[in-house]
Amino acid sequence: MLREGALKDRVIVVTGGGTGLGRSMAEAFLELGASVCITSRKMEVLETTARELEEATGGKVLPVACDIRKYAEVEALVKAVHDRFGRCDGLVNNAAGNFISPTERLTSKAFEVIIDIVLMGTVNCTMAFGKHWIDAKERDKAVLNIVTTYAWTGSGYVVPSACAKAGVLALTRSLAVEWAKYGIRSNAIAPGPFPTKGAWSRLLPGELIERFDMAKKVPLGRMGEHHELADLVTYLMSPFAGYINGEVVTIDGGEWLQGAGQFNMLEAVEPGMWDAIEAMVRKVRGS
Ligand code: HXC
Ligand code: NAP
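Per chain, the residues get numbers from 1 upward, laid out in the order the sequence is written. Numbering of ligands from 1 and lettering of chains from A proceed in the order in which they are written. Confidence filtering applies because this is a predicted model: local features only for residues at pLDDT of at least 70, side-chain atom pairs given and counted only at 80 or more, and all residues used for totals across whole chains, interfaces and linings. Only hydrogens and water are set aside; all other atoms, that is, all heavy atoms of the structure, feed into the side-chain values.

By this definition, two strands are paired if DSSP reports at least two bridges between them. Numbered from the N terminus, helices here are DSSP runs of H or I no shorter than four residues, and strands are runs of E no shorter than two. Read from one edge of the open sheet, 7 strands run E3-E2-E1-E4-E5-E6-E7, paired in parallel fashion. Every other strand in the sheet has two partners, leaving strand E3 (61-65) and strand E7 (248-251) as the edge strands with one partner each. Strand-to-strand twist in this sheet, taken as the mean axis angle between neighbours without regard to direction, amounts to 20 degrees. Pairing of strand E5 (residues 141-146) with strand E6 (residues 184-191) involves 6 bridges; the strand directions are parallel. The partner of lysine 141 across the bridge, within E6, is isoleucine 184. A fitted line through C-alpha atoms represents every axis, and for helices the fit uses only the stretch in contact; the resulting angles, taken between N-to-C directions, go from 0 to 180 degrees.

Put into structure tokens, the structure is as follows:
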């Protein structure tokens, strides 16, 4: 979508960048000329991804093992990025943890682990990179948080994730105002269903994948493709989006609005029935 070299000389950190959507975003940044740091807990996964992405794009990828729940490890991540690249221009808070469960089955620890990864992990990374930029008086920085549409609707069976993502959305909008004076933009995207191994194995395990066809929930009739999400993200992280701040962009084919609109069930009415329905309604008006 953007012209070649649009992110040249930029350095972007992608948490959870070894797998799934994080990996796809990292690849798109590299294709546009950025250097990228990918981070997660599993160094082996990160090293394999880094090698494959460097081969595919010719760009530079720094893999750093970091558990974003631990602030000291996040501070070491900031240092590793600066040691290697001498700068950092953007942070994509993409790492997450999630699984489906009736809420009453969860232990306190199970709830906590999701809040820790999703909310506290995002807070830790944002604080560590943000403080660095503010102290160094560096400007023109971008933070992008990956939330979901249930950050504002809520959702049963993924309640810790919904609570955590709602917190991340509040963080996004709060810092968009508070940190704008330092030249730091804060935005979010809310993806609908984009198949990844990490999400699908925890949200639609076993036969659930056949029972619940995610594409049927989407007005556009299909799931998202990774390059569609990557196009949006590269734009939001680029200087072309320099005046976008505090926004959450939904990219879900219309999924959440389909569930929200009170009369959207009329989609099930066969087109041939509308003449008769119209006649019935007009008759009421005339009576
Ligand atoms: C109930 C569970 C559970 C389950 C774990 N727990 N899985 N409880 N049902 N299925 C409980 C454990 O018993 C334990 O509580 C506590 O949670 C912590 O579990 P651990 O396995 O020790 O945690 P950890 O090793 O840190 O692993 C974290 C994880 C794991 C979240 C549980 O799945 C993970 O590493 N996930 C990372 C990747 C991921 O989740 N990707 C999907 C993102 S998709 P007790 O009390 O027993 O000690 C996404 C999509 C959003 O966010 C929207 C899609 C449309
Ligand atoms: P994924 O591949 O499982 O990505 C999650 C990543 O987070 C993994 O690379 C994981 O790596 C990393 N991670 C987990 N805990 C971590 C920790 N404590 N420290 C550092 N890294 C950690 O799933 P995905 O589908 O690509 O999800 C990516 C993002 O998109 C998430 O924020 C998710 O909520 C969001 N999202 C996805 C969808 C979808 O349809 N796929 C829809 C809406 C929103 P390790 O386990 O190796 O640490």
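That was the structure; now back to the text.
Here the focus is a positive patch on the surface. Together, Arg41, Lys42, Lys197 and Arg202 make up a positively charged patch on the protein surface. You can see arginine 41 is positioned in the loop between strand E2 (35-40) and helix H2 (43-57). Per-residue accessibility, obtained with a 1.4 Å probe over protein chains only, is compared with the maximum for each type, and a residue is labelled buried under 20%, exposed over 50%, and partly exposed between these values. On the basis of relative accessibility, which here comes to 53%, the residue arginine 41 falls in the exposed class. Exposure above 30% relative accessible area and the lack of any salt bridge qualify a residue for a patch; like charges then connect within 9 Å, and the nonpolar side chains Val, Leu, Ile, Met, Phe, Trp and Tyr within 5 Å. All accessibility values rest on the Shrake-Rupley procedure with a 1.4 Å probe; residue burial counts only the protein chains present in the view. Whenever a carboxyl oxygen of Asp or Glu lies within 4 Å of a side-chain nitrogen of Lys or Arg, that contact is scored as a salt bridge. Charged residues are defined here as Lys and Arg on the positive side and Asp and Glu on the negative side; His and the ends of the chain fall outside this count. In this description, the location of a charge corresponds to atom NZ of lysine, CZ of arginine, CG of aspartate or CD of glutamate.

Turning our attention to the site of ligand 1. Residue proximity to a molecule or strand is established when one non-hydrogen atom of the residue lies within 4 Å of it. Looking at ligand 1, there are 17 residues lining it, with Arg41, Gly97, Asn98, Thr107 and Arg202 nearest. Here an oxygen atom of ligand 1 sits 3.3 Å away from a polar atom, N or O, in the side chain of arginine 69. Between an oxygen atom of ligand 1 and a main-chain N or O atom of asparagine 98, the distance comes to 2.9 Å. Notes on ligand 1: free accessible area 1100 Å², of which the protein chains cover 60%. Those elements that place two or more of their residues in the shell around ligand 1 are helix H4 (108-135) and helix H7 (197-203). Side-chain atoms alone can form a polar contact between residues adjacent in sequence; in general such a contact is a pair of N or O atoms within 3.5 Å, and within protein one must be able to donate a hydrogen while the other accepts it.

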